[in-house]
Every structure is written in structure tokens, then in C-alpha cells.
Amino acid sequence: MHGLINRAIQAFVTDTYGADRWKSVMDLAGLGFVEFEAMLMYPDDQSFKVLAAMETVLDRPLAEMLEDMGTFLVSNPQAEALRRLLRFGGVDYVEFLYSLDDLPDRARLAVADLHLPTLELIEQAPGQFELICAQGLPGYSNVMMGILRAMADDYGDLVILDHAGIRDDADIISITHVESQFAEGRSFSLGAHSL
Amino acid sequence: MMTPQQLSEFADQICPMHVIFDASGRITSAGPTLRKLRPDYDWVGQDFFDIIAVSRPRWVRSVDDMLRSAGVKLHMNFASDPQTGLKGVLAPLPAGGGFLNMSFGISVLEAVRDYDLTSADFSPTDLTIEMLYLVEAKSAAMEASRQLNMRLQGAKIAAEEQAFTDTLTGLKNRRALDHVLSRMIDSGKEFALMHVDLDYFKQVNDTMGHAAGDAVLQRVAQVLIDCTREVDTAVRVGGDEFILLLDGLTDAETLERIANRLIECLEEPVPFEGKLCRISASAGTSLAKEAKPRDATTLIHQADLALYAAKNAGRGQHLFYQPNMEMMG
């Protein structure tokens, strides 16, 4: 699995639970190192060992932690670059939702060997969407749920999100867009980081 | 046929950075993004060349030149500060005058920041937003790679350092000796190679233990460093054997003095856990001068012979290599 994904897990655990707990997780995972490098590739089973160790050491359901990780990736100042890249997807939340179809391609444009599973947004009725998260990265839909929730806050929109089961091996997230500009979102200036 | 008003509204939609001017060069329409760059200007009714300067092609100086430039890529900038760069292309209008469509070109990064532009300021077909996304994504990825490279570079230097260092004493090791010696030989400079062998070290190890032996070796390393200059190289080549490479030094008298001082210092007892460890040292030196054979094996062999002779002469002594030592060896 790409180092960026492993590094995201590391950043989330270290920031939320502290460096000591991360070390305990890595000791239990038994990989022989503590820090992941963002720009290196790691065998998938190493990541799975870390996730399993997180469940034991932190004593929380994995799905819940992964959703928190999605939120962390958007809302934590450390990960500001990622929030900005997601905001480039659209001027409002609905446009952002549609940009998710392009997310795996966008990710690959930035980092050529970063492969994310396909995402597909289906509008069922005005304000009612389904996001189909293809398989390939266990827990992907949990992380996406957290990202969708945090991005709604970022735009200041009110949404209701729910796991809507599995169809053709793909996880479905149902999205009800209740209100735009429900609260004041965070500002996004195109040029803030461009130089 | 479209009225000028309709054309202007049409152009605002499709080309947010357009300018339409009449045959005399007076602006009749300017796109919303362009107007945002100079909100104080009236635009309509103003002379085009009062606002925009054409830098290339150089022959474009008048409205007629502009019209003749149809289809050619124009390089322009604002006449007033900030002189944001623009590029564009002009098409003459049937009713006279021209339609000029512009974009930022490479200056877009500064422009987005200077004028606080948003997605809405760019035509949906414009790739600027995608470009800004790419610049940012690539910069972030590049920064992560750069940090990885720096960490790897640091690890590489540390690993090399370690590969050339004797861990107990911190002196250079045998591998480093081969490296430094061949470099000094290649450089053509004169130098001395002094082989130092500890006397009575085995007794210290046997009677007082390895910890005492290690303490003595660390003390020896300190003496070797103290008695030589920074340009010299001190190497631990074996358990209790050391080689000094003395850069640019072939004067017998000076070398004799250094060797004697070295032996004297090494004979000072080393305290260890309330007891004193006593050792001495013998030394043999070969000289790398221009006339002499300059190869590593010969130099080390000659220093070995001199050391052997010094040991035979009763230890605690230093001798230079002499050709007659070959017979004795």
C-alpha cells in the first residue's frame, strides 16, 4: 500500500492518541520500524497488520476509527494540502460530490503510483445521491464517509450520510444534501498556496 | 446579425477576458474577469492602448497593426502596476475593429494571488483551475519526496561514516585505510606511514578482563588523536595494532619526536576500576617520498619490518625502515 496511506494512518493515530500509543501499535504490528515514509511503497499485509494492531491497542472498532481518520484528513491543519486539493474539486458541495468521480485520476496525476479505488456518484433525486465505492482498499468507504462529513462542514453545508449496504461488491454511501450554506464554511482562496 | 450589445453579452459568457474595440481603438466591451483586474477603470470608451501595452510582436504599435496581427499570438501586459502579463489572439470584426481574447499565460499563479481570483472568474472550459490543482498537488508531492531524499541522504552519510569507523575506538578502520592510503599515493604528496603495535596489551586483557582492555584501547585512540594533527589519519587495523598516516611529513627528526612522545604517553598507566593498566608500544615507520616505490603494499610491508626490528630491539622503541631490514625479515 502506498506510503501516503500508511503515513495518513500514522498521522491520525499520533495526533489523536499520542506518539506513545502509535509506538505501541507498531510494536504489536511487529514490522520492525515505527515510522512510515510517505513516498515509499509498502506490502499490503504490513498495513493490515497495523490496522489490526490499532483495533487491539486503541480498543475501538476499526470502522469507527477509519471514519474519524477521514475527518482528520480534511479538518486537521497538518493535512491542509489535502483539504485544498479536495476543495479544488468544486465551488460548492454538490460540485465537489461530482468531482469525486475524478478523484482516483486526480490522485494519480499528483502521485503516479497512488492507486485509489473507483468512485461513482449517482444522483437519484435532487439532493439525494449515492456514492459507490469500488472494492480494492478495505475500509475505503469508512474513510470516505469521514471525508464527506468533514467536507460538508468545510463548505458549510448540511448533509445526512449513511452506509447503504453493499451492491455488486461495492460499498454504497447514501448522501442527502439538506441545505447549502447552512453554516459558515471555511474560506478557500485559489492563490493561497500557489507560490 | 448580432447587435454589439448581444455580442458583448455573448462574449462575457464565453470569454470572460475579452476586449472588443472599434476601428479607432476605443473599447466597446470588456469581459468581467478583465474588469475585475482593474475595477476602477471605466473600460468602455477608453483607448485600448491606454490600458494595455503590447510587448510582442514588436511591430504592433497601433490599432491598424493590431488588426493586421489577426491570428498571431500577442504578448501584452497592463500599462499600470501591477503589470500583469497577458497573452491573446485577435480576430477582426466585420463591422470594423477587433475582438481580442486574452488569458494569463504563465503569469496566472501571481494573478490568482494578486487579484484573489476564484473559479467563477475562469471560463468552465479554461484549464486554469486544473493547472492550479496540479501545481499544488505536485508541489506537495515534491516536498514529501524532497524530505525523504534528505532523510535518505543523512542515513547514507551515517552509514558511510559507520562503514569507515572502528566502533570501539572511533578511529578509522581497515577499509578506510585502503581508501585514504590509495588517495594519498595518487595525490603524489609525501607522507609517512607509522605502524604502532601495543606491548603488554595481551597481559592486561588476560589479567584484568576485556572491559579493561577496551578502556585501554579507547585511551590509546585518544593519545593517537592528541599526538597527531587534524590532517593526519589514525587507523585501528587489528586488535592492538594501529597505523598513522602523517600527511606531508617525511622529516626524520620530527617523526622520531612524534613517535617518542606517542610511546611516552602510551606508557602512562590507565586507571580502571581502582587498578592501573600498564602498557607500552613499539613503532615502525616507512616514508613515501617521490623517489621511493609508491604502492600501499610496499609501504605497509616496510613499516612492518621496521616495527619488527623495533620489537626485537627491546620494545618501547621506534625505528625507521632501512633496506638492510629486508634480510632480517
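Residues numbered from 1 in each chain as written. Chains lettered and ligands numbered in written order. Predicted model: local features only at pLDDT ≥ 70, side-chain atom pairs only at ≥ 80, totals over all residues. Heavy atoms only, no water.

Some thoughts on the overall build of chain A
Here is step 1 of the chain: When you go through chain A residue by residue, the secondary structure sums to eight helices and four strands.
Here is step 2 of the chain: In sequence order, the secondary structure elements of chain A are arranged as α-α-α-α-α-α-α-β-β-α-β-β.
Here is step 3 of the chain: Burial status across chain A gives 49% buried among its 195 residues.
Here is step 4 of the chain: For chain A, the proportion of contacts with a sequence separation of at least 24, taken over those separated by at least 6, is 61%.
Here is step 5 of the chain: Just so you have it, chain A exposes about 9,100 Å², and 53% of that area is on carbon and sulfur atoms. (Helix = DSSP H or I, 4+ residues; strand = E, 2+ residues; numbered from the N terminus. Buried < 20%, exposed > 50% of the residue type's maximum accessible area, 1.4 Å probe, protein only. Contact = heavy atoms within 4.5 Å. Areas by Shrake-Rupley, 256 points an atom, 1.4 Å probe, with all protein chains shown as cover.)

Remarks on the pattern of salt bridges
One side chain can pair with another of opposite charge once the charged atoms of both are near each other.
All names here are of chain A.
Here is step 1 of the chain: The tally for this structure, following the rule as stated, stands at 27 salt bridges over all chains.
Here is step 2 of the chain: Across the pair Glu80 and Arg186 runs a salt bridge whose closest N-O atoms are separated by 3.2 Å. With Glu80 in helix H5 (residues 80–87) and Arg186 in the segment after strand S4 (170–179), this pair connects stretches of sequence that are 106 residues apart.
Here is step 3 of the chain: We classify Arg186 as partly exposed; its relative accessible area is 35%.
Here is step 4 of the chain: The residue Asp154 makes a salt bridge to Arg87 at a minimum N-O spacing of 2.6 Å. Within this pair, whereas Asp154 is found in helix H8 (residues 140–155), its partner Arg87 is found in helix H5, the two being separated by 67 residues in sequence.
Here is step 5 of the chain: Residue class for Asp154 comes out buried when judged on its relative accessible area of 2%.
Here is step 6 of the chain: Classification of Arg87 as buried rests on a relative accessible area of 9%. (Salt bridge = Lys/Arg side-chain N within 4 Å of Asp/Glu carboxyl O.)

Comments concerning the sheet that holds strand S7 (residues 191–199) of chain B
All names here are of chain B.
Here is step 1 of the chain: The mixed open sheet is built from five strands, whose spatial order is S8-S9-S7-S12-S13. This sheet does not close on itself; its edge strands, each paired only once, are strand S8 (233–236) and strand S13 (318–320). Neighbour-to-neighbour, the strand axes of this sheet turn through a mean angle of 20°, independent of strand direction.
Here is step 2 of the chain: Summarising the sheet, S7 and strand S12 (residues 280–288) pair through nine bridges and their orientation is antiparallel. Bridged to Leu198 within S12 is Ala281. (Pairing = 2+ DSSP bridges. Axes fitted to C-alpha atoms, helices over the stretch in contact; angles between N-to-C directions.)

Some words on the sheet that holds strand S6 (residues 98–103) of chain B
Residues and elements named next belong to chain B.
Here is step 1 of the chain: The sheet built from six strands is open, its strands ordered S2-S1-S6-S5-S4-S3 with antiparallel pairing. Every interior strand has two partners, whereas the edge strands, strand S2 (27–30) and strand S3 (52–56), have only one. Neighbour to neighbour, the strand axes of the sheet diverge by 30° on average, direction disregarded.
Here is step 2 of the chain: In terms of strand pairing, S3 meets strand S4 (residues 74–78) through four bridges, oriented antiparallel. What sits directly across from Val54, in S4, is Met76.
Here is step 3 of the chain: Against the sheet, helix H1 (residues 4–14) engages strand S1 (18–21), S2 and S6, with an angle of about 160° to S1.

As for helix H10 (residues 252–266) of chain B
Residues and elements named next belong to chain B.
Here is step 1 of the chain: In this model H10 runs 21 Å from its N-terminal to its C-terminal C-alpha over 15 residues, within 8% of the 21 Å that 1.5 Å per residue would give.
Here is step 2 of the chain: Listing the buried residues of H10 in full gives Leu255, Ile258, Ala259, Leu262, Ile263, Cys265 and Leu266. One side of H10 carries all its buried residues, which in axial view fall inside an arc of 165°. Seen from the buried face of H10, the exposed residues on the opposite side, beyond 90 degrees, are Glu253, Arg257 and Glu264.
Here is step 3 of the chain: Of the surrounding secondary structure, the elements contacted by the buried residues of H10 are S7, helix H9 (210–226), strand S9 (241–247), S12 and S13. (Expected span 1.5 Å × (residues − 1). Arc of directions from axis to C-beta.)

A short note on the confidence of the model for chain A
Here is step 1 of the chain: For chain A, per-residue confidence averages 92 on the pLDDT scale, and 98% of positions sit at 70 or higher.
Here is step 2 of the chain: Across chain A, strand S2 (residues 128–133) of chain A holds the top mean pLDDT of 97, while H5 of chain A sits lowest at 88. (pLDDT = per-residue confidence, 0-100.)

A word on a nonpolar patch on the surface
Here is step 1 of the chain: A contiguous nonpolar patch, built from Met2, Phe10 and Ile14 of chain B and spanning about 300 Å² of accessible area, is present on the exposed surface.
Here is step 2 of the chain: Summarising the element assignment, Ile14 of chain B is placed in helix H1. (Patch = residues over 30% accessible without salt bridge, like charges linked within 9 Å, V, L, I, M, F, W, Y side chains within 5 Å.)

Comments concerning a positive patch on the surface
Residue and element names in this part refer to chain B.
Here is step 1 of the chain: Taken together, Arg56, Arg58, Lys73 and Lys87 make up a surface patch of like positive charges.
Here is step 2 of the chain: In this fold, Lys87 is placed in strand S5 (residues 85–92).
Here is step 3 of the chain: Residue class for Lys87 comes out partly exposed when judged on its relative accessible area of 32%. (Lys, Arg positive; Asp, Glu negative; His and termini not counted. Charge placed at Lys NZ, Arg CZ, Asp CG, Glu CD.)

So, the pairing of S5 of chain B
Residue and element names in this part refer to chain B.
Here is step 1 of the chain: When S4 meets S5, the two strands line up antiparallel, connected through four bridges. When the sheet's bridge partners are listed, His75 is paired in S5 with Lys87.
Here is step 2 of the chain: Taken together, the six bridges between S5 and S6 define a ladder with antiparallel strand orientation. Residue pairing in the sheet places Leu90 in a bridge with Leu100 of S6.
Here is step 3 of the chain: Between S5 and S6, which pair antiparallel in sequence order, lie five residues; one of them, Gly96, sits at a positive phi of approximately 100°.

Quick notes on helix H11 (residues 296–312) of chain B
Residue and element names in this part refer to chain B.
Here is step 1 of the chain: With 17 residues, H11 should reach 24 Å at 1.5 Å per residue; the first-to-last C-alpha distance of 24 Å fits that figure.
Here is step 2 of the chain: Along H11, the positions that sit buried rather than exposed are Leu299, Ile300, Gln302, Ala303, Leu305, Ala306, Leu307, Ala309 and Ala310.
Here is step 3 of the chain: Once H11 finishes, Gly314 follows within two positions and takes phi at roughly 115°, a positive value.

Examining unusual backbone geometry
Here is step 1 of the chain: Omega for the peptide link from Arg56 of chain B to Pro57 of chain B comes to -5°, which places this bond in the cis form.
Here is step 2 of the chain: Among the structural elements, Pro57 of chain B can be located in the loop between S3 and helix H4 (63–68).
Here is step 3 of the chain: Here Asp81 of chain B and Pro82 of chain B are connected by a cis peptide whose omega angle stands at -15°.
Here is step 4 of the chain: Looking at the secondary structure, you find Pro82 of chain B in the loop between S4 and S5.
Here is step 5 of the chain: Not every positive phi belongs to a glycine, and Asp168 of chain A is a case in point at roughly 50°.
Here is step 6 of the chain: Turning to its location among the elements, Asp168 of chain A is positioned in the loop between strand S3 (158–167) and S4.
Here is step 7 of the chain: Of note in this structure, Tyr200 of chain B is not a glycine but carries a positive phi near 65°.
Here is step 8 of the chain: If you trace the backbone, Tyr200 of chain B turns up in the loop between S7 and helix H8 (201–208).

Describing the nonpolar core
Here is step 1 of the chain: With 95 residues, the main nonpolar core has Val50, Leu131 and Leu148 of chain A as its most contacted residues.
Here is step 2 of the chain: With ten residues, H8 of chain A is the single largest residue contributor to this core. (Core = buried A, V, L, I, M, F, W, Y, C linked by side-chain atoms within 4.5 Å.)

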